[in-house]
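Listed here are the chains, written in short residue letters.
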Amino acid sequence: MTLKTFKGGVHPGDYKSATEGKPSVAAKPPAVAMIPLSQHSGAPCEPLVAVGDLVKKGQKIGDSDASISAPVHASISGKVIKIGTCRSSQGRTVNAVFIENDFQETWHEDVKPNPNWEQLSAEEIVKIVREAGIVGMGGAAFPTHYKLVPPADEPIKYVIVNGAECEPYLTCDHRVMLERPDDLVLGVKLVMKAVKAEKALIGIEDNKPDAIAAVTKAAANEPNIEVHALHTKYPQGSGKQLNTVLTGMEVPSGCQSSAVGCLVQNVTTCIAVADAVCFGVPSIERIVTITGSGIKEPKNLLVRVGTPIEELIEECGGFTDDVRKLILGGPMMGPALPGPEDLPVTKGTCGILCMTEAEVKEYEIQPCIKCGKCVEVCPMNLMPLFLASAVEHNMYDKAEAYHAVDCIECGCCSYICPAKRPLTQWIGMAKAEIKAAKRRAAAAK
Ligand code: SF4
Ligand code: SF4
């Protein structure tokens, strides 16, 4: 089998052995679930329940009229005890519905299988996906229903299914491909029907041969679904790189994959689509990888949305004495957390990485030595050294001219830089400043 790959990228080591062989196990449902009303890109939801209301599992408890938003649902049955706030992964304070668990696991009446799912039209599938609150579960958390309605002049030919899981340490997508390959194929077929795509291309890195075998077997009778083994290299799972690797087409600067007739969906998201369309189950749980040398018993846990992260740490035996740093997600792109307190699992939480003193290296930032390594590894063909220099000198117009907005913030440049320059953070600042300047200019018109 020929392995597909892309230009640039790095090989940080996968560090997946602590959990890749561990089947997912159901985490204890939380005594109190704190369900954020904003778990996705776009507008936050307004609560549809009040303190004192009794709610059932799968009941919609928050929604918004905005097109880029997704409703949220109760992940347990019980009583609403507070409409308050909790922390988000970005460190913001967000509104949340707090539900006290009655441990009855009473499903809401709307949650029921649809025996006629094969007769559903594309529009009906999109509507179900929206009502189920499905967002990109690879971490991006962009509302899926919005992606399923591409611009009229950009018809979708290929559904690109992301099973790369290229971030070190994380194994939640690996487990889901091993444990639910048939549901994955079903979800892929539903996504294809929703966007009227001719073909689906599933990409899985070659460090997961068992997942490649399981998904290939599940798709054996589907002539329009191909499974491709990919070279293990970071960031193989980035949408634009995967697009190029699997179709040979490059997404133009400033555009989305739909510009070249492609739609990228993560494997776990596709399974959520199957759960919603065929079984009526909204997005209320997911697999989370809790790993790293700073946790006593690394695990893959099937977790209800709204479960406090502190409870998952406890379920994994607690921190080791030398734990030093917590990251939400993988080490390349995940944000560092000040601590686990007041932070719940959301639909986009792939993992919790607990790193020890020995693993967390601190370096002094040195001047650039013009070695060019950051340029070599940049998968977006950018020049990180010049972009960073523009930011250091507050020259954001220059950063824009160097295409800062095309940076996918993969972290490859920072990872490889011998001068330990925080290139990704600086370029991220430039992107934020360029966007803010555009907003200010639009408001001034
Ligand atoms: S400039 Fe952006 S896209 Fe390029 S390597 Fe750095 S973080 Fe990745
Ligand atoms: S990798 Fe670091 S030191 Fe080398 S050119 Fe890029 S910014 Fe400069």
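(A) Seen up close, the domain arrangement of the protein chain. In terms of domains, the protein chain is made up of domain 1 (1–29 + 110–360), domain 2 (30–101) and domain 3 (373–444). Computed over C-alpha atoms, the centres of domain 1 and domain 3 are 27 Å apart. Taken together, the residues of the side of domain 1 that touches domain 3 sort by class into seven nonpolar, six polar and two charged.

(B) Structural view of the pairing of strand S11 (residues 225–230). As paired elements, strand S10 (residues 199–205) and S11 share six bridges and run parallel to each other. Bridged to Glu-205 within S11 is Leu-230. After leaving S10, the chain enters helix H5 (residues 209–218) and then returns to the sheet as S11, a path that is right-handed.

(C) Fine view of the nonpolar core. Core analysis: the largest hydrophobic core is formed by 127 residues, its most contacted members being Val-159, Val-188 and Val-215. Those residues in contact with Val-159 that lie beyond four places of it in its chain are Val-188, Val-191, Met-192, Val-195, Ala-197, Ala-200, Leu-263 and Gln-265.

(D) Highlighting the site of ligand 2. If you check the shell around ligand 2, you find 15 residues, and the closest are Cys-368, Cys-371, Cys-374, Leu-385 and Cys-417. Counting only elements with at least two residues in the shell around ligand 2, the list comes to helix H9 (373–377) and helix H10 (384–392). Its residues assigned to classes, the shell around ligand 2 comprises eleven nonpolar, one polar and three charged.

(E) Structural view of the sheet that holds strand S6 (residues 72–73). The strand order across the open sheet formed by three strands is S3-S5-S6, and the pairing between neighbours is antiparallel. In the strand order of this sheet, the two ends are held by strand S3 (46–47) and S6, each with one partner. Here strand S5 (residues 60–63) pairs with S6 via two bridges, running antiparallel. Opposite Gly-62, over in S6, you have Val-72 as the bridge partner.

Calculation rules
- Residues numbered from 1 in each chain as written.
- Chains lettered and ligands numbered in written order.
- Predicted model: local features only at pLDDT ≥ 70, side-chain atom pairs only at ≥ 80, totals over all residues.
- Domains from an automatic or database assignment.
- Nonpolar A, V, L, I, M, F, W, Y, C, P; charged D, E, K, R; others polar.
- Pairing = 2+ DSSP bridges.
- Helix = DSSP H or I, 4+ residues; strand = E, 2+ residues; numbered from the N terminus.
- Right-handed = clockwise from strand over helix to strand, strands pointing away.
- Core = buried A, V, L, I, M, F, W, Y, C linked by C-beta atoms within 7 Å.
- Buried ≥ 20, exposed ≤ 12 C-beta atoms within 10 Å, placed from the backbone.
- Contact = placed C-beta atoms within 7 Å.
- Near = placed C-beta within 6 Å.

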